[in-house]
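Each chain is listed here by its residues.
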Amino acid sequence: MTFEPGTPAPEVVADDHLFAAWLAEAAGRRLLEVRTEGLEGKELKDAGDRAAHLLLMDLLATHRPDDAVLSEEALESAADKDARLTAAKVWIVDPLDGTREFSEPPRDDWAVHVALWQDGELVAGAVAQPALGETFNTGRPPVIPARTSQRPRIAVSRTRPPAFVEALAKELDAELVPMGSAGVKMMSVVRDVADAYVHAGGQYEWDSAAPVAVARAAGLFTSRVDGSELVYNQADVYLPDVIVCRPELSEQILAFIATHGTD
């Protein structure tokens with residue numbers, strides 16, 4: 001039986017923060033269901049991407065029909081792009097971030113991203129980590145706990161950590177913490193599993209919009225690697241680099257990159 005999300009309460013649909021969290025959790029429950037359907041490898045990856053995307057598109061069309069949507073799993077036409085760039089509200093979603101990890105049960109380092117952009121700013125966001133049973137959202141911004149590690153910890157890809165981050169870790173006397181999913185890495189700073197996530201290997205708006213919205217709401221530092229602001233709902237949705245870190249580490253990280261670059 002396919003998971004049915006039901007009808008959200010009117011107050012949930014009316015509140016951008018609550019609705020973002022509801023959407024992310026609904027897609028997360030559908031993904032957990034897909035994991036039980038006996039699929040493996042590429043079939044499981046493709047089924048997860050498709051199921052979460054279709055559910056989110058259906059829910060947004062039903063409950064927010066006047067809003068535009070930018071999804072990793074949708075092929076955007078010229079007309080779609082024009083509509084998005086002139087819309088007052090745009091949902092930026094990654095139905096399944098960390099597809100590789102999703103396809104390797106029982107790994108929990110994969111996520112669903114749902115963000116709302118309005119009039120030039122990210123105004124709401126939610127990152128669900130369904131296998132962890134957690135949803136981080138801007139309606140109830142996470143309270144960042146005091147750091148529990150004496151050495152800084154930097155979240156990195158478990159399969160392809162960039163060389164410049166290894167050099168940065170040496171400069172900061174930091175520990176590298178490997179994990180999957182960009183959203184999981186950014187939420188690891190929220191959870192005090194890491195203290196920074198620094199990426200310059202290529203991403204798109206849907207990879208960072210929701211995690212950045214949550215990180216900002218929690219009081220973390222966010223920027224591009226040159227220190228400039230992360231800007232969303234652009235004609236070109238390629239947004240290749242990001243920093244999310246505890247505020248006290250931002251100057252050291254930016255100074256290192258300014259001196260050494262990311263090559």
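Since the structure is predicted, the reported quantities are computational estimates derived from the model, not experimental observations.

> Would you mind showing me how to read the overall build of the protein chain here?
The helix and strand tally for the protein chain stands at nine helices and 10 strands. Here the C-alpha coordinates of the protein chain stretch approximately 50 × 45 × 35 Å along the principal axes. Residues classed as buried in the protein chain amount to 53% of the 263 residues present. Across the protein chain, the fraction of contacts at a sequence separation of at least 24, relative to all contacts at a separation of at least 6, is 64%. Of the roughly 11800 Å² of accessible surface on the protein chain, 49% is carried by carbon and sulfur atoms. On the protein chain, the mean spot of the 24 positive side-chain charges and the mean spot of the 43 negative ones are 5 Å from each other.

> Would you mind going over the packing of aromatic side chains with me for this structure?
Aromatic rings in a pair are described by how distant their centres are and how their planes are angled relative to each other. Tallied over the full model, the rule gives five aromatic pairs. Judged by centre distance (5.6 Å) and plane angle (80 degrees), the rings of Phe19 and Trp91 are edge-to-face. One end of the pair, Phe19, is in helix H2 (residues 16–34); the other, Trp91, is in strand E2 (residues 89–97), and 72 residues separate them in sequence. The structure contains a cluster of three or more aromatic residues connected by ring pairs, namely Phe19, Trp22 and Trp91.

> Teacher, can you tell me more about the sheet that holds strand E3 (residues 111–118) here?
Strand pairing within a sheet occurs via backbone hydrogen bonds; the two strands may be parallel or antiparallel. The strand order across the open sheet formed by five strands is E1-E2-E3-E4-E5, and the pairing between neighbours is mixed. Only two strands of the sheet have a single neighbouring strand rather than two, namely strand E1 (68–71) and strand E5 (134–137). With strand direction ignored, the average angle separating the axes of adjacent strands in the sheet is 15 degrees. Note: E3 against strand E4 (residues 121–129), seven bridges, orientation antiparallel. Paired with Gln118 across the strands is Glu121, a residue of E4. Set on the sheet, helix H7 (residues 182–190) makes contact with E2, E3, E4 and E5; between it and E4 the angle comes to about 95 degrees.

> How do you make sense of the sheet that holds strand E10 (residues 242–245) when you look at a structure like this?
Taking strand neighbours across the sheet as the criterion, the five strands line up as E7-E6-E8-E10-E9 in an open arrangement whose pairing is mixed. Single-partner strands in this sheet number two, and they are strand E7 (175–179) and strand E9 (221–223). This sheet shows a mean twist of 20 degrees between the axes of neighbouring strands, independent of strand direction. Relative to E7, strand E6 (residues 153–157) runs parallel, the two being bridged by five bridges.

> Before we go on, may I ask you to explain the pattern of salt bridges in this structure?
It is possible for side chains of opposite charge to pair when their charged atoms get near one another. This model, assessed by the stated rule, comprises 17 salt bridges. Asp67 is the salt-bridge partner of Arg64, the closest N and O atoms lying 3.5 Å from each other. Residue classification places Arg64 among the buried positions, given a relative accessible area of 10%. With a relative accessible area of 17%, Asp67 lands in the buried category. A salt bridge links Asp195 to Arg147; the shortest N-O distance between them is 3.9 Å. Placement of Asp195 in the loop between H7 and strand E8 (196–199) and of Arg147 in the loop between E5 and E6 is noted, with a sequence separation of 48 residues between them. Look at Asp195 and you get buried, because its relative accessible area is 0%. Overlapping salt bridges, with partners in common, bring together Arg147, Arg153, Asp192, Asp195 and Arg246 in one network.

> What is the right way to look at the environment of Asp119 in this model?
With respect to the helices, strands and loops of the structure, Asp119 is situated in the loop between E3 and E4. For Asp119, a relative accessible area of 58% gives the class exposed. Placed 106 residues apart in sequence, Asp119 and Val225 show a C-alpha to C-alpha distance of 24 Å.

> Mind showing me how you'd approach the nonpolar core here?
Within the largest apolar cluster, 36 residues are counted, with the highest numbers of intra-cluster contacts made by Ile92, Leu122, Val212 and Tyr232. Breaking this core down by element, the ones donating at least two residues are E1, E2, E3, E4, E7, H7, helix H8 (205–217) and E10. Those residues in contact with Ile92, other than ones at most four positions away along the chain, are Leu70, His113, Val114, Ala115, Trp117, Glu205, Trp206, Ala209, Tyr232 and Asn233. Ranked by size, the runner-up nonpolar core spans 32 residues in total, among them Ala51, Leu56, Leu59 and Val112.

> Would you mind going over H2 with me for this structure?
Because the α-helix completes a turn every 3.6 residues, residues three or four places apart line up on one side. For H2, which comprises 19 residues, the first-to-last C-alpha distance of 27 Å matches the rise-based estimate of 27 Å (1.5 Å per residue) to within 8%. Backbone nitrogen of His17 and a side-chain oxygen of the N-cap are separated by 2.9 Å at the start of H2; the cap is Asp15.

Conventions and cut-offs
- Residues numbered from 1 in each chain as written.
- Predicted model: local features only at pLDDT ≥ 70, side-chain atom pairs only at ≥ 80, totals over all residues.
- Heavy atoms only, no water.
- Helix = DSSP H or I, 4+ residues; strand = E, 2+ residues; numbered from the N terminus.
- Buried < 20%, exposed > 50% of the residue type's maximum accessible area, 1.4 Å probe, protein only.
- Contact = heavy atoms within 4.5 Å.
- Areas by Shrake-Rupley, 256 points an atom, 1.4 Å probe, with all protein chains shown as cover.
- Lys, Arg positive; Asp, Glu negative; His and termini not counted.
- Charge placed at Lys NZ, Arg CZ, Asp CG, Glu CD.
- Phe/Tyr/Trp six-rings, centres within 6.5 Å; stacked < 30°, edge-to-face > 60°.
- Pairing = 2+ DSSP bridges.
- Axes fitted to C-alpha atoms, helices over the stretch in contact; angles between N-to-C directions.
- Salt bridge = Lys/Arg side-chain N within 4 Å of Asp/Glu carboxyl O.
- Core = buried A, V, L, I, M, F, W, Y, C linked by side-chain atoms within 4.5 Å.
- Expected span 1.5 Å × (residues − 1).
- Polar contact = N/O pair within 3.5 Å; in protein donor to acceptor, adjacent residues only side chain to side chain.

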